[in-house]
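Chain and residue survey
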Amino acid sequence: MSHRSCCFPFCGDSRLRDTGRACALVVCVLAMGACSSATAPPAPPDDGPRIMMRDAETGSFWNARGEAISGRLLGGQLVPVASSHTAYWFAWASFWPETSIWGDADPGDMYSGIDIEGLERWEIIPDETRDSIPPLEAPSGLYGEVQFVPSEAVNLDDDDIVLGLSLDGEARAYPLQILIQHEIAMHDLAGHDVLITYCPLTASGMAFERGDDWFGNTGAVYNNNLLLYDRRTRSLWSQMGRLSINGERTRERLGMLPLYQGTWSAWFERYPETQVLSRDTGFGFRDYDADDYRDRGYPTSEDIWFPQKPGLDHRYHPKAHVLGLIGATTVRAYPIEQLATEFGATGVINDSFEGQPILLIYDDQAGTATLFSRHVDSRELTFTIVTPQA
């Protein structure tokens, strides 16, 4: 073996020219090293988060926010799936009776959604007077006020449930202790005019882009679910239906924003910079520790307080929580209890939906799951959990 035939250029060193065996040894050792480094998986960061994932394609490491924290894709960001939200099973199945369930074969049928043409007046059921459940807004308007405070200024327990919204580097948390008594909050976040909604009857938190519209609470329900009105035309809007079902703007839709619904501890762990909706809403007489739904046993009972159609789907307990995903032609439900049984503490599902690769991250500490696209920089990534959980 001569130095001219060696593939390593530094073997032209005069000290190795006269010994083919030495050059061969260098080639062998270096080749072994190259092979070893090519096959050995990269080590996770020493100070990695509680939930950490690795993608198989580049070996990069990712956190539960969908951020690449080390590796070739460092600084990359998974895009959250906006068209998903949490709700009670009975409510999800009533709005989307054609729903598929994770783990089952998709039915392949197009969903129908709300039958506006067949909507009967009796299906819109008065419960309270208009805006007797007062919305919160900023700047301060007709009713309550939206104000945010630093996380250290609030006294939330780890397992208190919050809605969480992160847009363009700004994060906000909305404790359900407050939203149960207001159901609607409107404000600006990172240049977006947002509408935050929560319906205690269906346990559905949803966020929307509201444009220049301001909304109020009709005090009525449709399929046991929050029914809003816009102040400009007085058209009626279904929260879970995501559209106007009556009035001048019938069939108009609201654009959804990706919203977290889970424990305060998991949200704060992911977004320690978050600000939190303040109890200083202008309603000093309200007891935000009170919860009439909890006190009456509603979240655990099989009771449904108002009529709905279609009837109950008995595959799950009516109040079982599901993460629902809405597509262009199909819908899918991920039952949270089923995910907990499957994964225990944490887990990921590399799924696809309507031909698009999606990632589900289940977190037992959060009590929920979140969805992201698996497309990054024209790559389709496949993820695994790499951190052991206590």
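Bear in mind that the values here come from a model prediction, so they are computed numbers and not experimental data.

**Observations concerning the overall build of the protein**
Helices and strands together make up the secondary structure of the protein, namely six helices and 29 strands. Each of the 390 residues in the protein was classed as buried or not, and the buried ones make up 51%. Taking the intrachain contacts of the protein between residues at least 6 apart in sequence as the baseline, contacts between residues at least 24 apart amount to 59%. On the protein, roughly 17900 Å² of surface is accessible, and the fraction owed to carbon and sulfur atoms is 50%.

**Overview of the side chain of Ser 151**
Position of Ser 151 among the secondary structure elements: in the loop between β9 (148-150) and β10 (161-167). Of the residues examined, Ser 151 reaches a relative accessible area of 10% and is grouped as buried. Only 3.4 Å separates the side chain of Ser 151 from the side chain of Glu 152, close enough to count as a polar contact. With residues up to four places along the chain from it excluded, the contact list for Ser 151 reads Trp 264, Phe 268, Pro 272, Thr 274 and Val 276.

**Description of the environment of Pro 200**
One can find Pro 200 in the loop between β13 (192-199) and β14 (204-209). When its relative accessible area of 4% is taken as the criterion, Pro 200 is described as buried. Between the C-alpha atom of Pro 200 and that of Tyr 88, which follows or precedes it by 112 residues, the distance is 9.8 Å.

**Thoughts on unusual backbone geometry**
Across the junction of Ala 138 and Pro 139, the peptide omega takes the value 0 degrees, indicating a cis bond. With respect to the element layout, Pro 139 can be found in the loop between β7 (136-137) and β8 (144-145). Here the phi dihedral of Ser 378 falls at roughly 70 degrees; this positive angle occurs in a residue that is not glycine.

**Examining the pairing of strand β1 (residues 52-55)**
Here β1 runs beside strand β2 (residues 61-63); their pairing, made up of three bridges, is antiparallel. The residue bridging Met 52 from the neighbouring strand is Asn 63, located in β2. Between β1 and the antiparallel strand that follows it, β2, lie five residues; Gly 59 among them carries a positive phi value of about 75 degrees.

**Observations concerning the sheet that holds strand β26 (residues 368-373)**
Within the open sheet, the three strands sit side by side as β24-β25-β26. Their pairing is antiparallel. Where the open sheet ends on each side, the last strands, each with one partner, are β24 (346-353) and β26. Along the sheet, successive strands turn relative to each other by an average axial angle of 25 degrees, direction set aside. Of the strand pairs in this sheet, strand β25 (residues 356-363) and β26 are connected by six bridges, and their pairing is antiparallel.

**Points about the nonpolar core**
The biggest cluster of nonpolar side chains holds 64 residues, and the ones touching the most others in it are Trp 89, Trp 92, Leu 163, Leu 165, Leu 179, Leu 195 and Ile 196. With six residues, helix α2 (residues 89-95) is the single largest residue contributor to this core. Setting aside residues up to four positions removed in sequence, Leu 195 forms contacts with Ile 184, Ala 185, Met 186, Met 206, Ala 207, Phe 208, Arg 210, Phe 215, Leu 228 and Leu 254.

**What to know about the sheet that holds β7**
Taken in spatial order, the six strands line up as β8-β7-β12-β13-β14-β19 in an open sheet, and their pairing is mixed. What marks the edges here is a single partner per strand, and that holds for β8 and β19 (255-257). Relative to β19, β14 runs antiparallel, the two being bridged by three bridges. Its bridge partner being in β19, Glu 209 is matched across the sheet by Gly 255.

**A closer look at the side chain of Asn 224**
Summarising the element assignment, Asn 224 is placed in the loop between β15 (215-222) and β16 (225-230). Among the polar contacts listed, one links the side chain of Asn 224 to the backbone oxygen of Phe 306, at a separation of 2.8 Å. Among all residues touching Asn 224, those that are not within four sequence positions of it are Phe 90, Cys 199, Leu 201, Thr 202, Ile 304, Trp 305, Phe 306, Pro 307 and Gln 308.

**Regarding the confidence of the model for the protein**
Of all residues in the protein, 82% have pLDDT values of 70 or greater, and the mean over the chain is 86. In this model, residues 1-38 is a region of pLDDT below 50 whose contacts with residues beyond four sequence positions or in other chains number 21 contacts.

**A closer look at the pattern of salt bridges**
Counted under the stated rule, the structure contains 18 salt bridges. Between Arg 270 and Asp 363 there is a salt bridge, and its shortest N-O distance comes to 3.3 Å. Taken together, the positions of Arg 270 in helix α4 (residues 264-270) and Asp 363 in strand β25 put the pair 93 residues apart, joining distant regions of the chain. The pair formed by Arg 270 and Asp 363 is uniform in burial state, with each residue classed as buried. We note a salt bridge from Asp 289 to Arg 279, for which the minimum N-O separation is 2.9 Å. Taken together, the residues span a long stretch of sequence, with Asp 289 in the loop between β21 (275-277) and α5 (292-295) and Arg 279 in the loop between β21 and α5 at a distance of 10 residues. According to the relative accessible area criterion, Asp 289 is partly exposed, its value standing at 47%. Connected via shared salt-bridge partners are Asp 213, Asp 230, Arg 232, Arg 249 and Glu 252.

Criteria and cut-off values
- Residues numbered from 1 in each chain as written.
- Predicted model: local features only at pLDDT ≥ 70, side-chain atom pairs only at ≥ 80, totals over all residues.
- Heavy atoms only, no water.
- Helix = DSSP H or I, 4+ residues; strand = E, 2+ residues; numbered from the N terminus.
- Buried < 20%, exposed > 50% of the residue type's maximum accessible area, 1.4 Å probe, protein only.
- Contact = heavy atoms within 4.5 Å.
- Areas by Shrake-Rupley, 256 points an atom, 1.4 Å probe, with all protein chains shown as cover.
- Polar contact = N/O pair within 3.5 Å; in protein donor to acceptor, adjacent residues only side chain to side chain.
- Pairing = 2+ DSSP bridges.
- Axes fitted to C-alpha atoms, helices over the stretch in contact; angles between N-to-C directions.
- Core = buried A, V, L, I, M, F, W, Y, C linked by side-chain atoms within 4.5 Å.
- pLDDT = per-residue confidence, 0-100.
- Salt bridge = Lys/Arg side-chain N within 4 Å of Asp/Glu carboxyl O.

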